[in-house]
Amino acid sequence: MQALYRIALLAGDGIGPEVIAEAVKVLKTIESVNGVSFRFQAGLIGGSAIDATASPLPAETVAICNNAQAILLGAVGGPKWDSNRPETRPEQGLLQIRKRLGLYVNLRPVKVLDSLAGYSAIKPAYVKGTDLVIVRELLGGIYFGNPRGIFAKNGERMGVNTEIYREHEVERVAHRAFQLARMRRRKVTSVDKANVLETSRLWRDVVTRIGRNYPDVELNHLYVDNCAMQLIDCPTGFDVILTSNMFGDILSDEAAMVAGSIGFLPSASLGEHAALYEPIHGSAPDIAGRNKANPMAAILSAAMMLRYSFRLETAARAVETAVEKVLKRGAHTSEVARSGRALSTSRMGDLIAAETGKILKSGSPRKRK
Ligand code: NAD
């Protein structure tokens, strides 16, 4: 009997539907050659959901997600909804689904292929060979702590946020980082600000304790300011970077610039029983509807889904190898193509789907390094 995998498709707004269509194209190619079956169910989220239902995350979408083994999301947001009240902004849909499904860890791989080193914001000699993953805690820290707000005291306003980390929140994300390192080069760099913050001292203490369960994985600690420097100076020195919600948010955008285009970078948000995969980019209203967006980040997010949710490692590797091969041939979408002809979103999807099919039929996706 064919294995059946249920996928919730939340295409969202702007270029979301365009790039998700290409990821589905690649998954359908895998279906046709690999003896697996994907069942897609589409749901509304973000601005398109607000337009249709007045809610950025309708109950029907939550039900679709609960019924799926994995969620593939495009992007949400756009100028049309920018003046909405905070609770009816498209981004609320994304924050709510992360919270409801308990997606406490965000994985952001950053890989610089040799053929793309010249497109980085940093000199090629520094970035060539970069292959790291940021493991960001996603449901705790200063983004969620109370008290928070803007209060009046002694005749002036005062802004307050609170960073809280409980031991179990650090433990569960640390386990994920060490387990991931075991599938890679066995090195974890934990990033904190333990010279100043108590939450960071607890973080360092707990990570060190959890690390003892993984004696085969090298663990070191860096202060976040030093890590920000090292990411530019020597990005190839990192394997897995483990860090808190806010530090991860900032460092992952910095690391994205090492890779050259935001259109290449996928991500996975994982909980105990749910997983959501999405490109790191937004809805790119400036190019939406023009068949110009780079679909690679969405396609590589689908590859992460194949690996982490479905354990289809061969298929995941085939997709990643296909992307590399297509790029090596010099095929680029417009944000990367400096001269010469830029490919459309759908043409790029066609090439990657065809290459994925070819690799799977030949039975030899390149081994991951
Ligand atoms: P953005 O990522 O949408 O775009 C930034 C720049 O990168 C733009 O010039 C855009 O054209 C380009 N770009 C992005 N993705 C691309 C792709 N796949 N191919 C080629 N070029 C690409 O960020 P922004 O402009 O700050 O935000 C636009 C909207 O997206 C906002 O409403 C924002 O809130 C939302 N947003 C959503 C998410 C998400 O859904 N996870 C993330 C970030 C921003």
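Thresholds, definitions, all that
- Residues numbered from 1 in each chain as written.
- Predicted model: local features only at pLDDT ≥ 70, side-chain atom pairs only at ≥ 80, totals over all residues.
- Heavy atoms only, no water.
- Near = heavy atom within 4 Å.
- Polar contact = N/O pair within 3.5 Å; in protein donor to acceptor, adjacent residues only side chain to side chain.
- Areas by Shrake-Rupley, 256 points an atom, 1.4 Å probe, with all protein chains shown as cover.
- Pairing = 2+ DSSP bridges.
- Helix = DSSP H or I, 4+ residues; strand = E, 2+ residues; numbered from the N terminus.
- Right-handed = clockwise from strand over helix to strand, strands pointing away.
- Domains from an automatic or database assignment.
- Contact = heavy atoms within 4.5 Å.
- Buried area = accessible area lost by both parts, 1.4 Å probe.
- Salt bridge = Lys/Arg side-chain N within 4 Å of Asp/Glu carboxyl O.
- Core = buried A, V, L, I, M, F, W, Y, C linked by side-chain atoms within 4.5 Å.
- Buried < 20%, exposed > 50% of the residue type's maximum accessible area, 1.4 Å probe, protein only.
- Axes fitted to C-alpha atoms, helices over the stretch in contact; angles between N-to-C directions.
- Arc of directions from axis to C-beta.

Student: Honestly, the site of the ligand in this entry has me stumped. Any pointers?
Tutor: Surrounding the ligand, one finds 20 residues, the nearest of these being Glu91, Gly282, Ala284, Asp286 and Asn294. At 3.1 Å, a backbone N or O of Ser283 approaches an oxygen atom of the ligand. The backbone of Asn294 places a nitrogen or oxygen atom 2.8 Å from a nitrogen atom of the ligand. With the chains in place, 68% of the 810 Å² that the ligand exposes on its own is no longer accessible.

Student: Sorry if this is basic, but what is going on with the pairing of strand β1 (residues 3-12) here?
Tutor: In regular strands, side chains alternate between the two faces of the sheet. Sheet topology places β1 next to strand β2 (residues 36-42); 7 bridges connect them, and they run parallel. Counterpart to Tyr5 in the pairing with β2 is Phe38. Taken together, β1, helix α1 (residues 16-34) and β2 form a β-α-β motif whose crossover is right-handed. Across 5 bridges, β1 lies against strand β3 (residues 70-75) in parallel orientation. In the strand pairing of β3, Ile7 is matched with Ala70.

Student: Quick question: what am I supposed to make of the domain arrangement of the chain here?
Tutor: Interface size is commonly expressed as the accessible area that is lost once the parts come together. Split by domain assignment, the chain resolves into domain 1 (1-103 + 271-369) and domain 2 (104-263). Listed as interface residues are 23 residues of domain 1 and, on the opposing side, 22 residues of domain 2. Surface buried jointly by domain 1 and domain 2 totals about 2,000 Å² across both partners, of which 61% is contributed by carbon and sulfur atoms. At the junction of domain 1 with domain 2, the criterion picks out 1 salt bridge. Lys111 serves as the salt-bridge partner of Glu324, at 3.6 Å between the closest nitrogen and oxygen. Elements with a contribution of two residues or more to the side of domain 1 that touches domain 2: α4 (90-100), α10 (296-308) and α11 (313-328).

Student: Just checking my understanding: could you explain the nonpolar core for this structure?
Tutor: A general feature of soluble globular proteins is that nonpolar side chains tend to end up buried together. Residues Ile30, Phe38, Leu107, Val135, Tyr277 and Leu306 are the most contacted members of the largest nonpolar core, which totals 98 residues. Ranked by residue count, the leading element in this core is α10, at 10 residues. Both of domain 1 (1-103 + 271-369) and domain 2 (104-263) provide at least three residues apiece to this core. The contact partners of Tyr277, leaving out residues within four places of it in the chain, are Ala70, Ile71, Leu72, Leu73, Ser267, Ala268, Leu270, Ser301, Met304, Met305, Tyr308 and Ser309. Counting residues in each nonpolar core, the second largest holds 17 residues, with Val62, Cys65, Leu94 and Leu101 among its members.

Student: Would you take a moment to explain the side chain of Arg307 for this structure?
Tutor: Mapped onto the secondary structure, Arg307 falls in helix α10. A distance of 2.7 Å separates a polar atom in the side chain of Arg307 from a polar atom in the side chain of Glu313.

Student: Help me out: how do you make sense of the sheet that holds strand β4 (residues 105-111) in this one?
Tutor: Hydrogen bonds between backbone groups are what pair the strands of a sheet, and the pairing can be parallel or antiparallel. The 10 strands are arranged β2-β1-β3-β12-β11-β4-β5-β10-β8-β9 in an open sheet whose pairing can be described as mixed. Looking along the sheet, the strands with just one partner apiece sit at the ends: β2 and β9 (218-223). Each adjacent strand pair in this sheet contributes to an overall mean axis angle of 25°, direction not counted. Together, β1, β2 and β3 form the strand contacts of helix α3 (residues 59-66), whose direction differs from that of β1 by roughly 150°. Along the sheet, helix α7 (residues 198-211) makes contact with β5 (131-137), β8 (187-192), β9 and β10 (240-243), crossing β9 at roughly 170°.

Student: It is not clear to me how helix α8 (residues 224-233) should be interpreted in this structure. Could you clarify?
Tutor: Structural remark: α-helix, 3.6 residues per turn; residues separated by three or four positions point the same way. When we look at burial in α8, the residues that qualify are Val224, Cys227 and Leu231. Looking straight down α8, one finds its buried side chains confined to an arc of 45°; they lie on one side. Contact partners of the buried residues in α8: β5, β8, β9, β10 and α9 (245-259).

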